[in-house]
Amino acid sequence: MYDIKNKSNNSNNLNVNKPVPFIGKGFQPKTRSWMGYFVFFIIIFVLELGTSTGVISSLTLPKPSDVLETIIQLFQSGLLFKHLVPSILRLVIGALIGISLGISIGTLIGLFSYFRSGLVPVIAAIFPIPKIALLPLFVIWFGIGEGSKYALIALGSFTPTVVATYGAVDNVDRTLIRMGQSFGLSWISIVYKIVLPGAMPGILSGLRISLAISIILLVAAEMLGAEYGIGAYILEAGSLYDLERLFAGVTILSLLGITVSVFVTKLEQKILKWR
Amino acid sequence: MNIKIKNLNHSYDKSKVLSDINLEIMDGQILSIIGPSGCGKSTLLRLIGGLEKPCSGEITQIGSPPAGCLNAMTYIFQDFALLPWRTVEENVSLVLEDHSLSNEIKRSVIDDVLDRTKLKDFSYAFPKQLSGGMKQRVAIARALAVNPAVLLMDEPLSALDSQTRELLLEDFINLWHRKPFTAVYITHNLSEAVRLGHKILVLSRRPGKIIETISIEKPIADRKLIDKDLDQYQKHLWNIMHDEARAADAELLNV
Amino acid sequence: MKISRRKLIVLGGGAIASSALSMPAIASNKKIKVGALRFTSHSASFIAKERGYFKQAGLDVEFEFFQAAQPMAIAIASGDIDYAVTAISGGLISLAEKGAVKVIGGALSEEEGIDGQKFLVSDKAYKAGVRSPKDLNGKRYAVTQSGSSFHYMGSKMAAAENINLSFVPLQKVGAIIGALKSGQVDAWSIVPHIAKPLSRGGSIHIIGNVADYLPNYQITTVFTSSNNAKNERALTKNFLTGFSKGVDDYASTMIDKNKGDAGVNEMVDLIHKYVYTSRPREKAAPSIINGTMRLSDGASLNLASIKNQLEWFKSEGLVKKSITIDTLVDQSYVKIIS
Ligand SMILES: Nc1ncnc2c1ncn2[C@@H]1O[C@H](COP(=O)(O)OP(=O)(O)O)[C@@H](O)[C@H]1O
Ligand SMILES: [Mg+2]
């Protein structure tokens, strides 16, 4: 009551000077990159402390320093490259096949209504299939060697690339295509000089997803018949319940993921420098 | 080269857009077309440029395009339509690449049009680095590069602020003065229409019919921003357009 | 695969708490969970349950069925099951090293005079002239995973024959059989009741016996959590008592044929409740009978074989070099054969 009275009195009082309160605080996310490292460091530190004091049992999690040691040993013994080289080869070849096919088919779908009507339902049907489930089938089709591994990774990276590509082609500014036509550019020129460069940002963000999926599928691909490979190494560590090796393998896989992501970022910077 | 349009009609589905259009575009002259929005101006331009086919009527080229013309009917778009991943120079080069021209010829054409549009210093800039006025200059340079028989311009200045518009208008007039070209200039801005047009065509609201054609004798180079001679034309045009514009406005609301 | 992280943590962090909570196992129908695979080699447990031997030992046994041996070891470690029978694997040894599981007895073993595990080759390899294990130099040998018993058998044989094999991990028995039939891998080893029917099709051939290279091989062992082995001695003893009675019945009926064909038939009926349940009895019976192998008497353990296996895992770098036989085996429960 008193307040209300007071307020109504003040409302006419022009002698009171008060700065306008700042109410626009917060809700503006900024990037603080050190925070990521900090959280990472804290987690590792807590794990190290917990595992070395025994609060966290060795059955639950490995000691981070032991994991690091395992990685160093792996490196020193040369085994790291013995595992890494075939994995990277599988990743590169599989993803290359999947992504180049994906971009081609995606562009065809984007450009031609017959392809669109014919293939979009097929792609929609393939997309949600867990590709891992098809591994035994691929073994029969492509053999237990590298063929089935390439096929699995290729199929896994193919579908998201197709979808990203034709979406990107659809989103190319139609007035640019009209412009090309009005200047009498040939069909080939319009595709190569207008449609594909215009679709490139969308294709590249699709590439990010495709490569991440490829890494996930790498482990699955190496389930069958791989003696060497990071995925095989992780699976072996899992079956041996060797947590140090398991985490060493997972760490290497994460690093591979980060490397791939940095690669895509660099590629984007190079190809999309006009943005 | 002249363009002659005879008894042209055009409709989309059942709605008629253009009705009984007859006109001639004269070589070396600028034809302004004005009309309320939605009356079919852009459609008419697309028909002239061959991007669409008229439902009935004829559009004929009389005479042949000038020597060295690479693209007879050449557009300049309202939103510039520059490729953002190409530099200024590469955007101009785009329209020459499909023609078998020697590198020296290409180079000299590019240099010439960039020079004429005062873009020499921006050859290597990307579109996103340029202001709206600069971008439209690039689009004009690109259009000039193909040495067109007819320039088809669909409200080329309407995406720009009024000062930039005035500057570009002056540049445009200079360009024409130094080397006259044939152009169809669509606008809804009456002062632009009277500044640039040798002839001004007024379209009614949809379906667009020609309701008035006026010619302005005063040389384009002599016309000014504030110009008593032009005022009377502008007033006259506004009197014609006033009712059409109001009706068109109300019509849109009823849709 | 059943594994709960919660239980893993409880086990690691609070072993004392869990042992304090569990009641002493007097003959009081104590509920326990036993992990099993639907294989004839697990018959002793089935018999002990069906014939009430577990009940006599004061245990109310509930079976938890698994698809593979490896997850059983993890389920023991997580406390989801109490006892299980499975082959010594790298995973089992690692879990023992982490203080989670202990081998307490023996089950299936190779014995002279009884049909044991076989080496198999694909038709392709057979046609290429592979007639005995020594012809397998440079060939592709199928295993489920590195550090599995298949890996052990192949590796031991290769060492004895002084040949090189490349081991192909295929995760599942089904995948291995498919790969063998289509000639994608060259060789494998497996228990007789799987080996024999496979060889009848003509696409797979038997070329040797595992026992020739690994006589008295202790194939499977009985194991439990370290906590049970250490703090639940009575319960563990009761389990082994019931289990051993099952083994005795199995051996006397199926191997020594003390009760004649009628006894065999009756036991096949019993086992058929658990194994090959999707097949009619007439079809299941030959497989069950063919699968008969020696289950160690009184769950006795062939320590020499276990040591040999442990050494092999160490030499292959599959498990830590520091692991001793006592980390893996609690020798206080059953008769130890050396
Ligand atoms: N492709 C098309 N399909 C159907 N209707 C169209 C199409 N293009 C334009 N129209 C219609 O034709 C009329 C004229 O359009 P437009 O020529 O763009 O007018 P303006 O440029 O004079 O504003 C409008 O009512 C518009 O909705
Ligand atoms: Mg328009």
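Only a predicted model underlies this, so the values are computations on that prediction, with no experimental measurement involved.

(A) Representation of the overall build of chain A in the model. Summing up its helical and strand segments, chain A has 11 helices and 0 strands in all. The helix and strand sequence of chain A, counted from the amino end, reads α-α-α-α-α-α-α-α-α-α-α. Whereas a compact globule of 275 residues would reach a radius of gyration of roughly 19 Å, chain A reaches 27 Å, over 25% beyond that. C-alpha extents for chain A along the principal axes are approximately 90 × 75 × 35 Å. Classification of the 275 residues of chain A by burial places 42% in the buried group. For chain A, long-range pairs separated by at least 24 residues make up 72% of all intrachain contacts whose partners lie at least 6 apart in sequence. With the model as given, the accessible surface of chain A reaches about 15,700 Å², and the carbon-plus-sulfur share is 70%. Looking at charge distribution, chain A has the averaged site of its 21 positive side-chain charges lying 18 Å from that of its 13 negative ones.

(B) The confidence of the model for chain A, seen in detail. Mean pLDDT over chain A stands at 89; residues scoring 70 or higher make up 96%. Put simply, helix 1 (residues 2-10) of chain A is where chain A has its lowest mean pLDDT, 51, and helix 4 (residues 79-111) of chain A is where it has its highest, 95.

(C) The arrangement of the site of ligand 1 in detail. Residue and element names in this part refer to chain B. Near ligand 1, the surroundings consist of Tyr12, Val17, Ser37, Gly38, Cys39, Gly40, Lys41, Ser42, Thr43, Arg46 and Arg206. Within the backbone of Lys41, one N or O atom sits 2.8 Å away from an oxygen atom of ligand 1. Between ligand 1 and Arg206, the relevant distance is 2.6 Å, taken from an oxygen atom to a side-chain nitrogen or oxygen of the residue. In isolation ligand 1 offers 560 Å² of accessible surface; the protein chains occlude 62% of this area. The greatest single-element share of the shell around ligand 1, amounting to 4 residues, is contributed by helix 1 (residues 41-49). In the shell around ligand 1, the residues fall into 3 nonpolar, 5 polar and 3 charged.

(D) Quick look at the interface of chain C and chain A. Facing 31 residues of chain C, the contacting portion of chain A comprises 21 residues. Buried surface at the junction of chain C and chain A, both sides included, amounts to about 2,100 Å², of which 57% is carbon and sulfur. When the area that chain C buries against chain A is broken down by residue, the three leading residues are C:Lys98, C:Gln171 and C:Gln184, summing to 26%. Applying the counting criterion to the chain C and chain A interface returns 1 salt bridge. A:Glu244 serves as the salt-bridge partner of C:Lys320, at 3.3 Å between the closest nitrogen and oxygen. Taken together, the connections running from chain C to chain A amount to 9 residue pairs in polar contact (both at pLDDT 80 or more).

(E) Representation of the sheet that holds strand 5 (residues 73-76) of chain B in the model. Residues and elements named next belong to chain B. Pairing is mixed across the open sheet formed by 6 strands, whose spatial order is 5-6-7-3-8-9. A strand with exactly one partner marks an edge of an open sheet, and here the two such strands are strand 5 and strand 9 (210-215). Ignoring which end each strand starts from, the neighbouring axes of this sheet average 20 degrees apart. Bridge analysis of strand 3 (residues 30-34) against strand 8 (residues 199-203) gives 4 bridges, and the strand direction is parallel. Within strand 8, the residue paired with Leu31 across the bridge is Lys199. The strands touched by helix 4 (residues 132-145) within the sheet are strand 5 and strand 6 (150-154), with strand 5 carrying the most contacts at an inclination of about 175 degrees.

(F) Broad picture of the interface of chain B and chain A. With 23 residues of chain B at the contact, the number on the chain A side is 17 residues. Between chain B and chain A, the buried area comes to about 1,900 Å², and carbon and sulfur atoms account for 67% of it. Three residues, B:Leu51, B:Trp85 and B:Asp98, lead the burial of chain B against chain A; their summed loss comes to 31% of the area buried on that side. Counting every contact that joins chain B to chain A gives 2 salt bridges. For A:Lys193, the salt bridge identified is with B:Glu97, shortest N-O distance 2.8 Å. At the junction of chain B with chain A, the criterion picks out 5 residue pairs in polar contact (both at pLDDT 80 or more). Residue assignment for the side of chain B that touches chain A shows that the elements contributing at least two residues are strand 5, helix 2 (88-97) and helix 4 of chain B.

(G) Region of interest: the sheet that holds strand 1 (residues 2-12) of chain B. Residue and element names in this part refer to chain B. Taken in spatial order, the 3 strands of this open sheet run 2-1-4, and their pairing is antiparallel. The strands lining the two open edges of the sheet, one partner per strand, are strand 2 (15-25) and strand 4 (56-62). The sheet shows a mean angle of 15 degrees between the axes of neighbouring strands, taken without regard to direction. Pairing of strand 1 with strand 4 involves 6 bridges; the strand directions are antiparallel. Bridge assignment links Asn9 to a residue of strand 4, and that residue is Ser56.

(H) Representation of the nonpolar core in the model. Membership of the largest hydrophobic core comes to 235 residues, with the highest contact counts inside it found for C:Trp188, C:Phe239 and C:Phe243. With 14 residues, the single largest contributor to this core is helix 9 (residues 187-221) of chain A. Setting aside chain neighbours within four positions, we find C:Phe239 in contact with C:Ile32, C:Val34, C:Phe54, C:Leu59, C:Tyr83 and C:Val222. Counting 12 residues, the second-largest nonpolar core is a separate cluster that includes B:Val194, B:Val202, B:Ile214 and B:Ile216.

(I) Inspection of the pairing of strand 1 (residues 30-36) of chain C at higher detail. Residues and elements named next belong to chain C. Examined bridge by bridge, strand 1 and strand 2 (residues 59-65) share 7 bridges and lie parallel to one another. Looking at strand 2, one finds that Lys31 is bridged to Asp60. Note that strand 1 and strand 3 (residues 83-87) share 2 bridges and pair parallel. When the bridges of strand 3 are listed, Val34 appears paired with Tyr83.

(J) Expanded view of unusual backbone geometry. The linkage connecting B:Arg206 with the following residue, B:Pro207, adopts the cis geometry, with an omega of -10 degrees. Checked against the element boundaries, B:Pro207 lands in the loop between strand 8 and strand 9. Look at C:Lys257: it is not a glycine, yet its phi comes out positive at around 55 degrees. Locating C:Lys257 in the fold gives a position in the loop between helix 12 (233-255) and helix 13 (260-272).

Thresholds applied
Sequence positions are assigned chain by chain, starting from 1 and proceeding in written order. Here chains are named by letter from A upward and ligands by number from 1 upward, in the order in which they appear as written. Since the coordinates come from a predicted model, pLDDT governs what is reported: local features require at least 70, and pairs of side-chain atoms require 80 or more to be given and counted, while whole-chain, interface and lining totals use all residues. To obtain the side-chain values, all non-hydrogen atoms of the structure were used and water was disregarded. A run of DSSP states H or I qualifies as a helix once it reaches four residues; a run of E qualifies as a strand once it reaches two. Both are numbered from the N-terminal end. Atoms counted for the radius of gyration: C-alpha only. Globule rule: 2.2 Å times the number of residues to the power 0.38. To sort residues, take the accessible area from a 1.4 Å probe on protein chains only and compare it with the maximum for the residue type: under 20% means buried, over 50% means exposed, and anything in between is partly exposed. Any two residues whose heavy atoms approach within 4.5 Å are treated as being in contact. For every accessible area listed, the method is Shrake-Rupley and the probe measures 1.4 Å; residues are considered covered only by the protein chains on display. By the counting rule applied here, Lys and Arg register as positive and Asp and Glu as negative, while His and the ends of each chain are not counted. A single reference atom marks each charge: NZ on Lys, CZ on Arg, CG on Asp, CD on Glu. As a per-residue measure, pLDDT reflects the predictor's confidence and takes values from 0 up to 100. Working definition: residue near molecule or strand if any one of its non-hydrogen atoms lies within 4 Å of it. Definition of a polar contact: a pair of N or O atoms within 3.5 Å, with one able to donate and the other able to accept a hydrogen when the atoms are protein atoms, and with sequence-neighbouring residues admitted only if both atoms are side-chain atoms. Gly is placed with the polar residues, together with every amino acid not listed as nonpolar (Ala, Val, Leu, Ile, Met, Phe, Trp, Tyr, Cys and Pro) or charged (Asp, Glu, Lys and Arg). Two parts placed together each lose some accessible area under a 1.4 Å probe, and the buried area is that loss summed for both. What counts as a salt bridge is simple: a side-chain nitrogen of Lys or Arg found within 4 Å of a carboxyl oxygen of Asp or Glu. When DSSP finds two or more bridges between a pair of strands, those strands are recorded as paired. Lines fitted to C-alpha atoms define the axes, with helix axes restricted to the stretch in contact, and inter-axis angles between N-to-C directions lie between 0 and 180 degrees. As used here, the term nonpolar core means buried Ala, Val, Leu, Ile, Met, Phe, Trp, Tyr and Cys residues forming a set that is joined through side-chain atoms within 4.5 Å.

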